[in-house]
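Structural features, examined
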Amino acid sequence: MWLQPDEILLKNAFKLWVTEEDNEYFVLQRRRGYGEGGGGLTGLLVGTLDTVLDSTSKVAPYRILHHTPDSQVYWTIACGVTKEEIVQHWDWLQQNIMRTLSVFDSSEDITSFVQGKIRGLIAEEGKSSLVLEEDPEKFREALLRFEKWFELPPKEKLVTYYSCSYWRGKVPCQGWLYLSTNFLCFYSYLLGAEVKLIISWDEIWRLEKTSNVILTESIHVLAHGEDHYFSMLMHLNETFVIMEQLADYSIKRLFDKEAFQREPALSDPMQITKRGLEAHAKSEQFRTFFRLPKEENLLEVHESFLWVPFSHFNTLGKICLSENYLCFASQDGSQCHVIIPMREVNTLHTDESKALRFAEVRDYQRLANTIRSKCGISASTCQSLINHFEDNPEDVTLMVGQKDSSKAVSTEALMTVFHPQDVENLDPKMLKEKMKEQSWNIHFSEYGRGTSMFFTRKTRDLIVRGVPEALRGELWMLFSGAVNDMATHPGYYTDLVEQSLGTSTLATDEIERDLHRSLPEHPAFQSDTGISALRRVLTAYAYRNPKIGYCQAMNILTSVLLLYAKEEEAFWLLVAVCERMLPDYFNRRIIGALVDQAVFEDLIRENLPQLVEHMTDLSFFSSVSLSWFLTLFISVLPIESAVNVVDCFFYDGIKAILQLGLAVLDYNMEALISCHDDAEAVTILNKFFDSVTNKDSPLPPTVQQASMSNNDKASHFNVDISELIKEAYEKYGNIRSEEVESSRKRNKLHVIQTLEDTTKQNVIRVVTQEVRFSASHLDRLYNLFKRQHFLCCYWTMKSPALLHHDPSLAYLEQYQLGFQQFSMLFSLLEPWAFCNPKSTLSLWIFRLIDENQDGLVNFKEFCCALDTLYSGSFTNKLKFLFKLHLPPGDLRTKLTGRGKVDLQAYLKQWQNEILKKEETIKDLPRINQTQFIQFSKTLYNIFHGDPEEESLYQAVAHVTSLLLRMEEVGRRLHESSSPPESTKPANTAAAESSTQEASTTPENSDTSSSFNSQDAGPDLTELDWSFSFEQVLASLLNEPTIVRFFERPVDIQTKLGQARVAQLKLKDKQ
């Protein structure tokens, strides 16, 4: 590797380096302790020094120096891991540089020319390099160390590296932590003790920051049941964030592809960089905080003051700019933020009466130009803006208005249709409702209304007290960010409804089944108006997002949305919930809900210690709270109370649901502690939810869903939902959204791995009944099989294996290998080292064990083949090898992979497996001369390298000669007794006669005649030379050397260990 020329003095260098070659201008040196004469005390000391210090010498045992005869200064210009690599550089210098240097007159000119040439070579390499780091030179050195120490495939992309300590027990090992796209690696070398660690991100169960008495602060990694601790990091928080990003990236790409496809920024694993991951993390936080669409990315951040008109002072904060939004968040504790869509910026003006005024803006000119370009402001306005900036160099004033760009929707909110408000009604509840509306109107007049409204503490206080019925739909749209989605996609919903109309899928069938189960007590869903609107919204969303399609609980949530929002608004609210606010909730495995249940358990341990002491197993709360998270308490609370919870959810996100869940458990603490079993605890919580009321609800009794039958039982303790929510905010409002998101990422790893472990246990339980492997061996085999599936996914997004992985399939079908992946893994595990990954024999084996001929091999098929070769009888092993050489037409398979899942085909395959009879040796067809010769070659390959190789070869030669002589004798005897005129019948009879002569069993003649009657048409030479399996088996049984070889036991444990080490080093060229 060429290096940027670096000046060094050689006063003491020769104590550590040995000169291999030199000339007038260049020196090639080898590091002491490497290569010939290395080892001993010198090797230990130099190796330790090279590991601890951060220098080129610690990784590259070879280097090239440049110098001139009249100078004592040397310049490092190249280094190499191997002698072959450094010799290539040396030869290039000899051929391309040495002749040129003779034309220069001065040493300075020679050195300048060499340095310029080397820098040019590095620049040329950099054009195709994907490394985008602050210090490319140091990164190149780290990359060289990474490649040398860990020997991963060359396509593996190093992201970043850190110096740290790795704790083995109570002893720290100082070394280097390398974070790549697919692996976490650590290397340390101290006084002969080498520590090397390679963990793939998809194997990590837990990743968290911890501290204890010994380690003040460290990063804890749990993988394969082992705990790993990394400490003494200079930038621990930065390191942890990068690790968290890479682990989450791996999980999404390999396990949770439904969510991953919405993140094009991380679509190519070969393009991942530290800078890119940091930018992605910031954009994710930015979108989550301001509830912006997934397409928005954080582009610029500017510190500034914003004039807050309702408080009459400037608040310090940051302007965050994305492609289509300008947002501001305060940093002085006022919890004030505002979102300004660029589409609504009418002009930039000096009039402050209707404008947002930013002061003391850092880099104001750049910000002004960006706003101007994104808003499409006219040239004259732009010029006046520039003049204004020149006069007021630190002020930016935006005029914000409402531009209605969305089409009118066809329906009104169902609540306005089925429960219109009576203006003349002076009922106390209606009067209180009017007072709420008045409070919100005052708030709008002070803080603004619509997308550019200021969000403050007062906004949350109004939310906690309850949103007026008339404003609920508008505020839900605003707080969720759905208003922006709808404004930027005019006509999108109408088009979706038209396109999805009349479609028939599994999702639409499920939707039809659940339509009348959605709030059946509410009048709106006892009519065709409500049912039709619900059908259109759910069907349109299933058409928009087929990965999710339709999931139970979506109907309940959508029903409530339709009560307070127009039909198109309800659709965009559903989009916001499913794709942003509750990610991964509504998919086949409800991963998001399981993750939030784990977050909820953590919060219970932290905030309700008394409950934890009594109920050490918190899984009960996970099972009970699943419906709370999936339906936002709608399924357990009366509708008039549940909508208040939904109000808080749209403002504060999942934090509001977690807070309320804690408040519910806290309210019932004494009763839960005194209960004796889970059933009693469930009864307590159900009674509590039945007692929750909304005393301020203006809805009539026909709409309210409070259980009237339980009123007499629960009348002595009714709980008002507003008071319950207020208590939740007072007690648990200090839970920060950032902490919740961090806990989500931490627990997602554990949830995903738990689901994967369940899949593994189910697969092993099925396969155990078919093979003789122990459970521990099957466990290790499954890990190897799954890793091989992922190996072809690590470095590309277009791998067929990623397309084949479908969590909705049966357990056995979730992970399967195509031919290339299978051949690589089988070559590591087969017992006799006879199968090269690229050989035709690999393809024959793949075709043989691919029972359903879909071009993919599942774990059961793979294990059954290995079980035959490892533990099968001599006859079964020989039968396996014999079947490999049968005519390809009998085993022909198109390696095209899986198409759409055909349920009928699965049922037919299952029926055939039940009715399938065990294959006997009599069922095997005969092999012709060519196939028999290939069979003999395979035996030779199997025996190659064995201690008894010579005697085994002689035995095979003896068997081959015997079988051929038997066939020849049989053919001649038949020819002498047959008339020469009828050639074809004579040949057929000869083959049959020779078979009868060679066989000792009467069944073989039936097999032979059957074979000949089927294949009388092909080439006659094939009929003259054919052998049955019985003939081959009988001949080989007479050779004790061969029988001993095949009955020799295989050390499975050692084989599995060797395969795991070698698996990553194989170069899969798919």
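So, how was this worked out
- Each chain carries its own residue numbering, running from 1 in the direction its sequence is written.
- This being a predicted model, a pLDDT of at least 70 is required before a residue's local features are given, and a value of 80 or more before pairs of side-chain atoms are given or counted; all residues contribute to the totals for chains, interfaces and linings.
- For side-chain calculations, the full set of non-hydrogen atoms in the structure is used, while hydrogens and water are omitted.
- UniProt positions are given in the numbering used here, feature names are shortened, and annotations may be inferred rather than shown by experiment.
- Helix numbering and strand numbering both begin at the N terminus, where a helix is a DSSP run of H or I of at least 4 residues and a strand a DSSP run of E of at least 2.
- Relative accessibility thresholds used throughout: buried, under 20% of the residue-type maximum; exposed, over 50%; partly exposed, between the two (1.4 Å probe, protein chains only).
- In this analysis, two residues are considered to be in contact whenever any of their non-hydrogen atoms come within 4.5 Å of each other.
- Areas reported as accessible are Shrake-Rupley estimates using a 1.4 Å probe. Residue values count occlusion only from the protein chains shown.
- As used here, the term nonpolar core means buried Ala, Val, Leu, Ile, Met, Phe, Trp, Tyr and Cys residues forming a set that is joined through side-chain atoms within 4.5 Å.
- Any two strands with at least two DSSP-identified bridges between them are counted as paired.
- Fitting a line to C-alpha atoms yields each axis, with helices limited to the stretch in contact; the angle taken between N-to-C directions then spans 0 to 180 degrees.
- Each angle receives one of four descriptions, namely roughly parallel if under 35 degrees, roughly antiparallel if over 145, roughly perpendicular if within 65 to 115, and oblique otherwise.
- Helix crossings get a hand from a simple test, with the near helix turned counterclockwise from the far one by less than a right angle marking a left-handed crossing and a clockwise turn marking a right-handed one.
- Just so you know the grouping, Ala, Val, Leu, Ile, Met, Phe, Trp, Tyr, Cys and Pro go in nonpolar, Asp, Glu, Lys and Arg go in charged, and all remaining residues, Gly too, go in polar.
- Picture the helix axis, draw a direction to every C-beta atom, and the arc is the one those directions span.
- Only residues above 30% relative accessible area that lack a salt bridge enter a patch, with like-charged residues linked at up to 9 Å and the nonpolar side chains Val, Leu, Ile, Met, Phe, Trp and Tyr linked at up to 5 Å.
- What counts as a salt bridge is simple: a side-chain nitrogen of Lys or Arg found within 4 Å of a carboxyl oxygen of Asp or Glu.
- Counted as positive: Lys and Arg. Counted as negative: Asp and Glu, with His and the chain ends omitted from the count.
- In plain terms, the charge of a residue is placed at NZ if it is Lys, CZ if Arg, CG if Asp and CD if Glu.
- The length a helix should cover is 1.5 Å for every residue beyond the first.
- By convention in this document, the label disulfide applies to cysteine sulfur atom pairs within 2.5 Å.
- When the centres of two rings from Phe, Tyr and Trp lie within 6.5 Å, Trp using its six-membered ring, the rings pair. Their planes under 30 degrees apart give stacked, over 60 give edge-to-face, and anything left gives tilted.
- Confidence of the predictor at the level of single residues is captured by pLDDT, which takes values from 0 to 100.

- The chain is annotated in an unreviewed UniProt entry as TBC1 domain family member 8B from Sander lucioperca.
- The UniProt entry for the chain carries the following text under Subcellular location (unreviewed entry): "Cytoplasm, Cytosol".

1. With respect to the overall build of the chain
- A tally of helices and strands in the chain yields 45 helices and 25 strands.
- Counting every position in the chain, which comprises 1070 residues, the buried fraction comes to 53%.
- A separation threshold of at least 6 residues defines the contact pool for the chain, and within that pool the share at least 24 residues apart is 70%.
- Accessible surface computed for the chain: about 48400 Å², of which carbon and sulfur atoms make up 52%.

2. Here's the deal with the side chain of Thr160
- In this structure, Thr160 sits in strand E6 (residues 158–168).
- Beyond its immediate sequence surroundings of up to four residues, Thr160 is in contact with Phe139, Leu177, Tyr178, Leu179, Ile242 and Lys274.

3. Remarks on the nonpolar core
- Counting 135 residues, the largest nonpolar core has Phe479, Met554, Phe586, Phe650 and Leu665 as its most contacted members.
- Of all the elements, helix H20 (residues 567–581) adds the most residues to this core, at 10 residues.
- Non-local contacts of Met554, meaning those with residues more than four positions away in its chain, are made with Leu538, Tyr541, Ile548, Gly549, Leu574, Cys578 and Phe586.
- By size, the runner-up hydrophobic cluster in this structure holds 122 residues, among which are Leu152, Phe183, Ile199 and Ile764.

4. A look at the sheet that holds strand E11 (residues 218–223)
- Spatial ordering of the open sheet is given by E9-E8-E7-E6-E12-E11-E10, a layout of seven strands whose pairing is antiparallel. With partners counted over all chains shown, the strands left at the sheet margins are strand E9 (193–200) and strand E10 (204–210), one partner each. Pairs of neighbouring strands in the sheet enclose a mean axial angle of 30°, with direction left out of account.
- Note that E11 and strand E12 (residues 226–231) share six bridges and pair antiparallel. Counterpart to Leu222 in the pairing with E12 is Asp227.
- Sheet strands touched by helix H5 (residues 136–150): E6, strand E7 (171–180), strand E8 (183–190) and E9. Its angle to E6, the strand with the most contacts, is close to 60°.

5. So, the packing of helix H36 (residues 874–884) against helix H43 (residues 1029–1037)
- Packing of H36 against H43 brings their axes to within 11 Å, and their N-to-C directions diverge by 130°. What the angle tells us is that H36 and H43 run oblique. Our pair here, H36 against H43, has a crossing hand that is right-handed. In this structure, H36 uses Phe874, Thr875, Leu878, Lys879 and Phe882 to contact H43, whose residues at the interface are Phe1029, Val1032, Leu1033, Leu1036 and Leu1037.
- Broken down by class, the residue content of the contact of H36 with H43 amounts to eight nonpolar, one polar and one charged.

6. Quick look at helix H17 (residues 506–514)
- Within the span of H17, buried status applies to Ala507, Thr508, Ile511 and Asp514. Along the axis of H17, the buried residues cluster in a sector spanning 130°; they form a single face.
- Next to the buried residues of H17 lie helix H18 (528–544) and helix H19 (554–564).

7. Description of a negative patch on the surface
- Together, Asp70, Asp105, Glu108 and Asp109 make up a region of like negative charge exposed at the surface.
- Topologically, Asp105 is positioned in the loop between helix H3 (98–101) and helix H4 (107–128).

8. Describing the packing of helix H6 (residues 236–254) against helix H8 (residues 274–290)
- At a minimum axis separation of 10 Å, H6 and H8 run at an interaxial angle of 85°. As summarised for this structure, H6 and H8 are arranged roughly perpendicular, according to the angle between their axes. On H8, the residues that touch Glu238, Ile242, Gln245, Leu246 and Lys252 of H6 are Lys274, Leu277, Glu278, His280, Ala281 and Glu284.
- Of the residues in the contact of H6 with H8, the class split is four nonpolar, two polar and five charged.

9. Focus: H20
- When the terminal C-alpha atoms of H20 are compared, their 20 Å separation across 15 residues agrees well with the 21 Å that a helix rising 1.5 Å per residue should span.
- The element H20 is extensively covered by neighbouring structure, given that 15 of its 15 residues are classed as buried.

10. Some words on the state of the cysteines
- All chains considered together, the criterion is met by zero disulfides.
- Of the cysteine sulfurs around Cys578, a residue in no disulfide, the closest is that of Cys551, at 8.6 Å.

11. Things to note about the pairing of E7
- Most of E7 is tucked away, with seven of its 10 residues classed as buried.
- Bridging between E6 and E7 involves 10 bridges; their strand directions are antiparallel. Within E7, the position partnered with Thr160 by the bridge is Leu179.
- Turn length for the E6-E7 hairpin, with the two strands adjacent in sequence and antiparallel, is two residues, and the turn residue Gly169 shows positive phi of about 70°.
- Where E7 meets E8, four bridges bridge the pair, whose relative direction is antiparallel. Counterpart to Trp176 in the pairing with E8 is Tyr187.

12. With respect to the pairing of strand E15 (residues 325–330)
- Across the six residues of E15, six count as buried, placing the element largely inside the fold.
- Every second residue of E15 is oriented toward a common face, with Tyr325, Cys327 and Ala329 on one face and Leu326, Phe328 and Ser330 on the other, all of them buried.
- As judged from the five bridges shared by strand E14 (residues 313–321) and E15, these two strands associate in the antiparallel manner. The residue of E15 that forms the bridge with Lys318 is Ala329.
- Turn length for the E14-E15 hairpin, with the two strands adjacent in sequence and antiparallel, is three residues.
- Pairing between E15 and strand E16 (residues 337–341): five bridges, direction antiparallel. Within the sheet, the bridge partner assigned to Leu326 lies in E16 and is Ile340.

13. A few points about the pattern of salt bridges
- With the rule as written, the count across this model stands at 38 salt bridges.
- Across the pair Glu756 and Lys786 runs a salt bridge, and its minimum N-O distance is 3.1 Å. Taken together, the residues Glu756 in helix H30 (residues 737–768) and Lys786 in helix H31 (residues 775–791) connect sequence positions 30 residues apart.
- Using a relative accessible area of 13% as the deciding quantity, one classes Lys786 as buried.

14. Some points on the packing of aromatic side chains
- Applying the stated criterion across every chain yields a total of 58 aromatic pairs.
- Ring centres of Phe150 and Tyr187 lie 6.4 Å apart, and the angle between their planes is 90°; on these two criteria the pair is classed as edge-to-face. Here the residue Phe150 occupies a position in helix H5, and Tyr187 occupies one in strand E8, the gap between them amounting to 37 residues.
- On the basis of relative accessibility, which here comes to 3%, the residue Phe150 falls in the buried class.
- With a relative accessible area of 5%, Tyr187 lands in the buried category.
- Relative to Phe1046, the ring of Phe874 lies with its centre 5.7 Å away and its plane at 65°, an arrangement referred to as edge-to-face. Placement of Phe874 in helix H36 and of Phe1046 in helix H44 (residues 1040–1047) is noted, with a sequence separation of 172 residues between them. Both residues of the pair, Phe874 and Phe1046, count as buried.

15. Remarks on unusual backbone geometry
- Phi at Glu151 is positive, roughly 50°, even though this residue is not glycine.
- Tracing the sequence through the fold places Glu151 in the loop between H5 and E6.
- Phi is positive for Leu519, which is not a glycine, with a value near 45°.
- Within the element layout of this structure, Leu519 appears in the loop between H17 and H18.

16. A short note on the environment of Pro546
- Along the chain, Pro546 turns up in the loop between H18 and H19.
- Separated by 39 residues in the primary sequence, Pro546 and Ala507 have C-alpha atoms spaced 8.6 Å apart.

17. Quick notes on the confidence of the model for the chain
- The predicted model of the chain has a mean per-residue pLDDT of 78, with 76% of residues at 70 or higher.
- Across the chain, element-level confidence peaks in helix H25 (residues 654–667) with a mean pLDDT of 94 and bottoms out in helix H41 (residues 1003–1014) with 34.
- Under a pLDDT of 50 for its full length, residues 349–353 has, in the predicted model, six contacts with residues more than four places off or in other chains.

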